[in-house]
Number of protein chains: 2
Amino acid sequence: MTNEELYLAVALNGWKGNIERADKTFSGLSDQEVLNEIAPGKNRLIYLWGHLTATHDAMLPLLGIGQRLHPEFDVAFISNPDKTQAGIPSVELVRKAWKEVNGKLFEGFASLSAADWLKKHGAVSEEDFVKEPLRNRLAILLSRTNHLAYHLGQTALRPK
Amino acid sequence: MTNEELYLAVALNGWKGNIERADKTFSGLSDQEVLNEIAPGKNRLIYLWGHLTATHDAMLPLLGIGQRLHPEFDVAFISNPDKTQAGIPSVELVRKAWKEVNGKLFEGFASLSAADWLKKHGAVSEEDFVKEPLRNRLAILLSRTNHLAYHLGQTALRPK
């Protein structure tokens, strides 16, 4: 492996470890438990799960992997706080979308070379990228790994 | 910048962003607030702050930067749960150690080249490292960035 490939392998390991941890946490919840708040008055587990799914879904175009699969998740899980929307996707739909989105990301990751990860991500212009070369796909991977850890820390506080 | 330097720069950015976020959260707390639990019955903020400080302190030898500065933090903040130790370091001591430890890490980071980060970390043998080359210093940096995010997610739930 070249040095840049080693760098990438460590970064991908971090993502994978967090996804496995999240899988274990969320898939172990009953349909009832998923409606529990992580702490009194705070977000429900289903909100965090849907929020992570929508965030990962948005990585597809950012990384040039493909179109979003579930843009309709944003109203329920990104643009509005928990417990403000009359209808949100069911636990079943969230569970299915979570698997589907992360599966699609893993497939896409496999097709990117270490140099590809240093290309600009989908939300930065060519012009800005010349000035700010760290706004690349790798930055998306690391910040979303971080984002996942942030919410995993919260789910760890749930009533058990 | 070479590709491996770009990889490193993105990784260091992630660390720096989280440290700044933690600085802002913890330094904004009064001596009284720091004794609050993040949620009813959960860890106190001072415990998380001390826990992060001790974890970062342990990075010094892991990354070959130097000896630990505060190994005495482990009894209070790593090896035992919160609220089980009669005497723990004061808020003042934690605040001082947090700055000192992170300052020392930043200095050390500046002296490591992109290739240095791919060398083995301090808790893996030469023999094991040959078989598992991803157990390098970069893996420590990314996993500790992740660990910091995990607990930042929890501090965000504190009563405000």
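Residues numbered from 1 in each chain as written. Chains lettered and ligands numbered in written order. Predicted model: local features only at pLDDT ≥ 70, side-chain atom pairs only at ≥ 80, totals over all residues. Heavy atoms only, no water.

S.K.: Now, about the nonpolar core: what can you tell me, with residues and values included?
M.R.: In terms of nonpolar packing, the biggest core is built from 91 residues, with Trp-117 and Leu-138 of chain A together with Trp-117 and Leu-138 of chain B touching the most fellow members. When near neighbours in sequence (up to four residues on either side) are disregarded, Trp-117 of chain A contacts Leu-8, Leu-12, Leu-63, Phe-109, Leu-112, Asn-136, Arg-137, Leu-138 and Leu-141 of chain A together with Tyr-7 of chain B. (Core = buried A, V, L, I, M, F, W, Y, C linked by side-chain atoms within 4.5 Å. Buried < 20%, exposed > 50% of the residue type's maximum accessible area, 1.4 Å probe, protein only. Contact = heavy atoms within 4.5 Å.)

S.K.: So what about the interface of chain B and chain A? Which residues, and what values?
M.R.: In this complex, chain B contributes 35 residues to the contact, which on the side of chain A involves 35 residues. Of the roughly 3000 Å² buried between chain B and chain A, counting both surfaces, carbon and sulfur atoms make up 71%. At the junction of chain B with chain A, the criterion picks out zero salt bridges. Summed over the shared surface of chain B and chain A, the result is ten residue pairs in polar contact (both at pLDDT 80 or more). (Buried area = accessible area lost by both parts, 1.4 Å probe. Salt bridge = Lys/Arg side-chain N within 4 Å of Asp/Glu carboxyl O. Polar contact = N/O pair within 3.5 Å; in protein donor to acceptor, adjacent residues only side chain to side chain.)

S.K.: Let's hear about the packing of helix α1 (residues 3–27) of chain B against helix α5 (residues 91–110) of chain B: which residues, and what values?
M.R.: If you want to describe how two helices pack, look at the angle between their axes and the distance between the axes. Residues and elements named next belong to chain B. In the contact formed by α1 and α5, the axes pass within 13 Å of each other and the chain directions differ by 165°. Accordingly, the angle class assigned to the pair α1 and α5 is roughly antiparallel. When the axes of α1 and α5 are compared, the crossing they make is left-handed. Facing Leu-12, Trp-15, Lys-16, Ile-19, Ala-22 and Asp-23 of α1, the residues of α5 in contact are Trp-98, Asn-102, Leu-105, Phe-106 and Phe-109. Looking at the contact of α1 with α5 residue by residue, the classes come out as eight nonpolar, one polar and two charged. (Axes fitted to C-alpha atoms, helices over the stretch in contact; angles between N-to-C directions. Helix = DSSP H or I, 4+ residues; strand = E, 2+ residues; numbered from the N terminus. Parallel < 35°, antiparallel > 145°, perpendicular 65-115°, else oblique. Left-handed = near helix turned anticlockwise from the far one by under 90°. Nonpolar A, V, L, I, M, F, W, Y, C, P; charged D, E, K, R; others polar.)

S.K.: Can you lay out the relation of the copies chain B and chain A for me, pointing to particular residues and giving the numbers?
M.R.: Rotating chain B by 180° and translating it 0.0 Å along the rotation axis places it on chain A, where the RMSD comes to 0.0 Å. Interpreted geometrically, this transformation is the action of a two-fold axis. The C-alpha atom lying nearest the rotation axis in chain B is that of Tyr-150 of chain B; the distance is 2.1 Å. Interface overlap between copies: 100% of the residues of chain B at the interface are likewise at the interface in chain A, consistent with a symmetric, same-surface contact. (Least-squares fit on C-alpha atoms with pLDDT ≥ 70 in both.)

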